[in-house]
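Remarks on the overall topology
Residues per chain are reported as follows:
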Amino acid sequence: MTTKDNLEDPRPATGTGNNHAGADALAALIAELRNRDAADRRALLYIIGGFAMFTCIYSALLGTKTVEMRTGYALLVGGFIYSLGYFGVRYLLHRRIDYAAPTLLFLKRALRRYTYWPWQDILAVTPSAVAMGLGGMMIVESSFRKYFPGSVWPVVIFWAVFASAFIVGHFAGKSQWRKEKQPYYERIRGMVEEFECGGVTG
């Protein structure tokens, strides 16, 4: 019979073979997730370092540009700073993962963490992508105006390259996720479904 203690205890109740097996499976998963999460934190630090470097470089260049190009550079710097903040928050959240949380709560948090770009994260990074896209467009348009006066082709080519970069990045990231994280995602989802269907009994 499922009890309140089963739902609050961070580990499945013991007393049956199934519960022992469930506890062992959960303990094994947590050990693997600890290692995977540590690797993700290191990757986040590299990303943060990259955006910090770009922010410093483009901020320094901002003062050397003509007035008409400064807006583009300012948008790029704004996008870099926003991205820096976004990945910084993600890093801090990764550092605060509670592996001793109640089982269902821990699994649901892990499921979201191992989902490939949940819609909340897509919405969160959209302002940065828009700012960097507009900034890049303005820089390209200003740079090529003297070579192609009145032509829209530099801007069209820029947006084509920009969109292509996102498309390639999406498929490359999805491929990497399938190889490195989807197996964890499927295991976590299976445990969540089992837990919610009453698979943990006392």
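In the block above lies the structure referred to throughout.
Every chain begins its residue count from 1, and numbering advances along the sequence as written. Only residues with pLDDT of 70 or above have their local features reported here, since the model is predicted, and side-chain atom pairs are shown and tallied only from 80 upward, although totals for entire chains, interfaces and linings are computed over all residues. Values shown for side chains rest on all heavy atoms present in the structure; no hydrogens or waters enter the calculation.

Secondary structure elements are defined from DSSP: runs of H or I of at least 4 residues count as helices, runs of E of at least 2 residues count as strands, and each element is numbered from the N terminus. Tallying secondary structure elements over the chain gives 7 helices and 0 strands in all. Listed by position from the N terminus, the elements making up the chain come as α-α-α-α-α-α-α. Burial classes: relative accessible area under 20% of the type maximum marks a residue as buried, over 50% as exposed, and values in between as partly exposed (1.4 Å probe, protein chains only). Here the chain holds 202 residues, and the buried ones make up 32% of them. Here, residues are in contact when the closest pair of their heavy atoms is within 4.5 Å. In the chain, the proportion of contacts linking residues at least 24 apart, taken out of those at least 6 apart, comes to 78%. Counting only carbon and sulfur atoms, one obtains 66% of the accessible surface of the chain, whose full area is about 12300 Å². Computed with the Shrake-Rupley method and a 1.4 Å probe, the accessible areas treat only the protein chains shown as cover for residues.

Here, a salt bridge means any side-chain nitrogen of Lys or Arg that lies within 4 Å of a carboxyl oxygen of Asp or Glu. Taken as a whole and assessed by the stated rule, the structure comprises 9 salt bridges. In this structure, Glu141 engages Arg145 in a salt bridge whose closest nitrogen and oxygen atoms are separated by 2.6 Å. Put simply, Arg36, Asp40, Glu180 and Lys181 are held in one network by salt bridges that share partners.

Before going further, it helps to examine the environment of Tyr86. With respect to the secondary-structure elements, Tyr86 resides in helix 3 (residues 67-95). Along the primary structure Tyr86 and Ile48 are separated by 38 residues, whereas in three dimensions their C-alpha atoms are 9.2 Å apart. In contact with Tyr86, other than residues within four places in its own chain, are Trp117, Asp121, Ala124 and Val125.

Here, expected helix span is obtained from the residue count minus one, scaled by 1.5 Å. The terminal C-alpha atoms of helix 6 (residues 153-180) lie 40 Å apart, and with 28 residues this matches the ideal 40 Å at 1.5 Å per residue to within 8%. By the burial criterion, the buried members of helix 6 are Pro154, Val155, Phe158, Gly173 and Trp177. Buried residues along helix 6 sit against helix 5 (119-144) and helix 7 (182-196).

Looking now at unusual backbone geometry. Positioned with a positive phi, Trp117 is a non-glycine residue whose angle comes to about 40°. Mapped onto the elements, Trp117 comes out in the loop between helix 4 (103-113) and helix 5.

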